[in-house]
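# Geometric and topological summary
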Amino acid sequence: MRHLLSAGDLSRDEAVLVLDTAKELAQVGDRSVKKLPTLRGRTVVNLFYEDSTRTRISFEAAAKRMSADVLNFSAKGSSVSKGESLKDTALTLQAMGADGVVIRHGSSGAARRLANWVEGAVLNAGDGTHEHPTQALLDAYTMRERMGRLEGLRVAVVGDVLHSRVARSNVLLLHTLGAEVTLVAPPTLLPVSVGTWPCAVSYDLDEVLPKSDVVMMLRVQAERMNDAFFPTAREYSRRYGLDRDRFARMPDDAIVMHPGPMIRGMEISAEVADSPRSTITEQVANGVSVRMAVLYLLLGGSESAIGNQEG
Amino acid sequence: MCAQKRTGGGEKVGGPPARRSAEDARAVLEGPEINRALTRIAHEVLERTKGGADITLLGIPSRGVPLAHRLARRIEQVEDRAVPRGSLDITMYRDDLRLAPARALGRTDIPAEGIDGRVVVLVDDVLFSGRTVRAALDALNDLGRPRAVQLATLVDRGHRELPIRADYVGKNLPTSLREKVTVLLEETDGRDAVLLGPAGPRIGHAAPAADGAEVDR
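The rules behind these values
Residues numbered from 1 in each chain as written. Chains lettered and ligands numbered in written order. Predicted model: local features only at pLDDT ≥ 70, side-chain atom pairs only at ≥ 80, totals over all residues. Heavy atoms only, no water. Helix = DSSP H or I, 4+ residues; strand = E, 2+ residues; numbered from the N terminus. Buried < 20%, exposed > 50% of the residue type's maximum accessible area, 1.4 Å probe, protein only. Contact = heavy atoms within 4.5 Å. Areas by Shrake-Rupley, 256 points an atom, 1.4 Å probe, with all protein chains shown as cover. UniProt positions renumbered as here; feature names shortened; annotations may be inferred. Phe/Tyr/Trp six-rings, centres within 6.5 Å; stacked < 30°, edge-to-face > 60°. Lys NZ or Arg CZ within 6 Å of the ring centre and 35° of its normal. Domains from an automatic or database assignment. Buried area = accessible area lost by both parts, 1.4 Å probe. Salt bridge = Lys/Arg side-chain N within 4 Å of Asp/Glu carboxyl O. Polar contact = N/O pair within 3.5 Å; in protein donor to acceptor, adjacent residues only side chain to side chain. Nonpolar A, V, L, I, M, F, W, Y, C, P; charged D, E, K, R; others polar.

### Some remarks on the overall build of chain B
Of the regular secondary structure elements, chain B holds five helices and eight strands. In sequence order, the secondary structure elements of chain B are arranged as α-β-α-β-α-β-β-α-β-β-β-α-β. The buried share of chain B, taken over its 217 residues, is 52%. Within chain B, contacts between residues at least 6 apart in sequence are counted, and of these 67% link residues at least 24 apart. Split by element, the accessible area of chain B, about 10200 Å² in all, is 50% carbon and sulfur.

Structure, rendered in structure tokens:
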């Protein structure tokens, strides 16, 4: 069985296959019968160790639109709080016959560990500060829909890159698909290894903005901040927040993206978030189509069409 | 065992399976005959639907789609009226999804007026087991409620596995299960022809005709 653990594992052809498949599947959302029989009889488990209503219901909607049976597992109130290990939970799922496991976990690498223990396909729905491949796929899908292409697109990813799995997955995937990514963040919010990533780095948002086709704002992950990364929220907002003035300096056809949830007023002003050039709600709708595509390509046939083999 | 009839040149057998069967194949329909068959089907559709005022042609990818377009153009020439046409991908409705690796989807493109209350004519290149048509009927069911559904196919090669039959057939082509029918069209392959040849070696547990677009899926 193959898994989707990292956006970096997808080849260009596989990534394009996911986006093309998602485009066809997006039509299902417009029909009166929003259902396909494709995954009938298959079981998908949503294994969520961290709270994430948005991602969980997106995966749930995607699996249900393909007629799969969905089991939701939330760590809160489960045996995990009694001390059960990830491996034992995995073996339990195995015994229940899960064909696919969607895992969200607070520790980086948890999805890869899980892939060694279960027979079904593992989909990484966010592991710690490591990766969130389906988010990157839906972002790429949204860019391609809005801008008509990905090749040569200039994308600025702005904000808390250090704690952002979204940023890492996006850099890897967009690089594969031929876009040019620039990370913009204060030096304290960039990971040490950023020099090895296939992207450019800048500390100055105002310099990058006029040269960007897409500006992706990241959430400042206060819950992961156990240190002083910037003096005050006000100062962060002044240097890295996307307000009306900065928005006006972007090219006329440039779009603004945000993976959500937004902190209005800090990283993005309400005015920008609600502008027609912001794709924030589109990203949510596209998320269902992209996750349908990933589930179909991993579970739809006798062999997966995408993803990486794990031992 | 069927005779290995070769095309004029009689090329050497021994290339990779896909090539070999193409070289060994015999053309049973050529371009002008395909054109005549489509023209006849267009007239039959008009006769049966009494002028075809509310017909919608839906081609099944891949080669059913250009055939549907050609039929629609012929009907338009006769009746001098636009005929809605589109494509209906059945991949997600196949009953053998789990027998093969996950495959790429084709395009589904339903005309803007939808299919509710219309006479939908499904168009495909080869009618074989009938499973493609069953899947197409399921897909239509999720898209709306046509008044009637009819089936047009360029070639009917027999060997039905379901109680399905075509309303309009370009050519009835009695075949053995060991033979392979390949439809080539100008739009996708650069020439119009229907080829009949020995099937390549069977792969795995797949049904004799489960390899490629040229067979009924």
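### Quick notes on the UniProt feature "domain: Aspartate/ornithine carbamoyltransferase Asp/Orn-binding" (unreviewed entry) in chain A
Here, the residues flagged by UniProt with the feature "domain: Aspartate/ornithine carbamoyltransferase Asp/Orn-binding" (unreviewed entry) are residues 151–298 of chain A. Structurally, residues 151–298 of chain A comprises 35% helix and 14% strand, and the distance from its first C-alpha atom to its last is 26 Å.

### Focus: the packing of aromatic side chains
Scanning all chains against the criterion turns up three aromatic pairs over all chains. When the centroid spacing of 5.8 Å and the interplanar angle of 35 degrees are considered together, the rings of A:Tyr236 and A:Tyr240 count as tilted. With A:Tyr236 and A:Tyr240 both in helix H8 (residues 233–240) and four residues apart, this pair spans about one turn of that helix. Of the two residues examined, A:Tyr236 and A:Tyr240, each falls in the buried class. Counting every residue linked through ring pairs, the aromatic cluster contains A:Phe230, A:Tyr236 and A:Tyr240. In this arrangement the basic side chain of A:Arg291 is found over the ring face of A:Phe59, its NZ or CZ atom lying 4.9 Å from the centre. Taking NZ or CZ as reference, B:Arg157 lies 4.1 Å from the ring centre of B:Phe128, over its face.

### Regarding unusual backbone geometry
Cis rather than trans, the peptide bond between A:Gly260 and A:Pro261 has omega equal to -10 degrees. Within the element layout of this structure, A:Pro261 appears in the loop between strand S10 (255–257) and helix H10 (270–273). Of the consecutive residues B:Pro61 and B:Ser62, the connecting peptide bond is found in the cis state with omega at 0 degrees. For B:Ser62, the location among the structural elements is in the loop between strand S2 (55–59) and helix H3 (64–79). With a phi angle near 70 degrees, A:Ser67 is a residue other than glycine that sits in the positive phi range. By the element assignment, A:Ser67 lies in the loop between helix H2 (53–65) and strand S3 (69–74). Although it is not a glycine, B:Lys50 adopts a positive phi angle of roughly 55 degrees. Within the secondary structure, B:Lys50 is located in the loop between helix H2 (31–48) and S2. Take B:Lys50: its relative accessible area is 75%, and that puts it in the exposed class.

### Remarks on the domain arrangement of chain A
Residue and element names in this part refer to chain A. Domains assigned within chain A are domain 1 (3–131 + 284–300) and domain 2 (133–283). With centres defined by C-alpha atoms, the gap from domain 1 to domain 2 works out at 25 Å. Counting residues at the interface gives 35 residues for domain 1 and 32 residues for domain 2. Carbon and sulfur atoms make up 57% of the surface buried where domain 1 meets domain 2, a total of about 2600 Å² over both sides. Connecting domain 1 to domain 2 are four salt bridges. With its nearest N and O atoms 3.4 Å apart, the salt bridge here joins Glu50 to Arg165. Where domain 1 meets domain 2, there are 17 residue pairs in polar contact (both at pLDDT 80 or more). Of all the secondary-structure elements, those providing two or more residues to the side of domain 1 that touches domain 2 are helix H1 (12–26), H2, strand S4 (100–105), strand S5 (121–127) and helix H11 (280–299). Of the residues forming the side of domain 1 that touches domain 2, the biggest block, nine residues, is contributed by H1. Per-class residue counts for the side of domain 1 that touches domain 2 are 15 nonpolar, 11 polar and nine charged.

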